[in-house]
Amino acid sequence: MAYKQHFIDWCSGKGGTNRTDFKWVFRSIAGTSGAMESSIDGGFKLSASSAGNSRGEISFNDNSRPFDLQNSVLICVNKSETIANVKNWVGLLRAKAQNDDFGQFGCMSDYSSTKNSLNTYRGGSESNTQSSRNMDTDWHVNKIDFSLGDVKVYVDGNLEITKTTDLPIGNAQPVFWINGLTSNSTEHSMRYLEVYNK
């Protein structure tokens, strides 16, 4: 459901790859698929093949960018099936091309082989901050709080990161991303996502 500038998806019920009733559009860049899981509380799952650098996403496909990168909150319940050689994250991006302002959090093993990371980008400058939390394959509640002076990340209610560099600006859309960086297959699942302007 979407109410003006408040978006919620429980990742259940109807809706296949393109969950048009929720504004989502699935995009496979290379070797990925997306579908609702048939298991209880399985949510929506993105899968990347073992072809190498398989990647894809669900986003609003640049059709709508209702969320302020300096005054919004994203909450996601998600898990990565593997943590080695992956770049599986959730966040807010101004454009799906990913060369515009963004803030994203998750398992990004190209930045750290063990820790979850927050990556931000503003006007050509990008930086990464690692959390103290080890990557794992369990479900977690991840919250990204975008403000004028910082971006904060909470995992399961605990503050993990406060980042004050390369803070993104502008209006953005939620993106749920999968990327198998090598020839390993991977899956990234989401069973709840909420985004709102504060």
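Residues numbered from 1 in each chain as written. Predicted model: local features only at pLDDT ≥ 70, side-chain atom pairs only at ≥ 80, totals over all residues. Heavy atoms only, no water.

Student: Now, about the layout of surface pockets: what can you tell me, with residues and values included?
Tutor: In this structure, the largest pocket occupies an estimated 170 Å³ of space. Contributing to the lining of the largest pocket are 13 residues, with Trp10, Cys11, Ser12, Asp41 and Arg191 lying nearest its centre. (1 Å grid on protein atoms, 1.4 Å probe; cavity = no way out; pocket = protein on both sides within 12 Å on 5 of 7 lines; lining within 4 Å. Points joined across faces, edges and corners; volume = space filled by probe spheres on them.)

Student: Give me the lowdown on the pattern of salt bridges, citing residues and values where you can.
Tutor: This model, assessed by the stated rule, comprises 7 salt bridges. Linking Lys45 and Glu37 is a salt bridge whose minimum nitrogen-to-oxygen distance equals 3.5 Å. Residue Lys45 is classed as buried on the basis of its relative accessible area, which comes to 13%. In this structure Glu37 comes out as partly exposed when scored by relative accessible area, which is 32%. Arg133 is the partner of Asp156 in a salt bridge, and the nearest nitrogen-oxygen pair spans 3.2 Å. Placement of Asp156 in the loop between strand S14 (151–155) and strand S15 (158–163) and of Arg133 in strand S12 (residues 125–134) is noted, with a sequence separation of 23 residues between them. Linked by salt bridges that have partners in common, Glu37, Lys45 and Glu187 make up one network. (Salt bridge = Lys/Arg side-chain N within 4 Å of Asp/Glu carboxyl O. Buried < 20%, exposed > 50% of the residue type's maximum accessible area, 1.4 Å probe, protein only. Helix = DSSP H or I, 4+ residues; strand = E, 2+ residues; numbered from the N terminus.)

Student: Tell me about the packing of aromatic side chains, and please be specific about residues and values.
Tutor: Tallying each qualifying case throughout the model produces 6 aromatic pairs. Arranged with centres 5.1 Å apart and planes meeting at 80 degrees, the rings of Phe7 and Phe60 form a pair that is edge-to-face. Of the two residues, Phe7 sits in strand S2 (residues 6–9) while Phe60 sits in the loop between strand S6 (54–59) and strand S7 (67–68), which places them 53 residues apart along the sequence. For the residue pair Phe7 and Phe60, the accessibility class agrees, reading buried in each case. A network of ring pairs unites the aromatic residues Phe7, Trp24 and Phe60 as a single cluster. The cationic tip of Lys143 hangs over the ring face of Tyr154; the distance from NZ or CZ to the ring centre is 5.3 Å. Here the basic side chain of Arg191 rests over the ring of Trp139, its NZ or CZ set 4.1 Å away from the ring centre. (Phe/Tyr/Trp six-rings, centres within 6.5 Å; stacked < 30°, edge-to-face > 60°. Lys NZ or Arg CZ within 6 Å of the ring centre and 35° of its normal.)

Student: Describe the pairing of strand S10 (residues 102–108), with residues and values.
Tutor: Judged by how many residues are buried, S10 sits mostly within the fold: 7 of 7 residues are covered. For S10 and strand S11 (residues 115–122), the ladder comprises 5 bridges, and the chain directions are antiparallel. If you follow Phe102 over to S11, its bridge partner there is Tyr121. (Pairing = 2+ DSSP bridges.)

Student: Can you explain the environment of Tyr154? Please cite residues and give values.
Tutor: If you trace the backbone, Tyr154 turns up in strand S14. Under the relative-accessibility criterion, Tyr154 is labelled partly exposed at 22%. Taking the C-alpha atoms as reference, Tyr154 lies 29 Å from Thr32; in sequence the two are 122 residues apart. The residues contacting Tyr154, other than those within four sequence positions of it, are Val141, Asn142, Lys143, Asp145, Leu159 and Glu160. (Contact = heavy atoms within 4.5 Å.)

Everything listed here is a matter of coordinates, which is why it stays silent on function.
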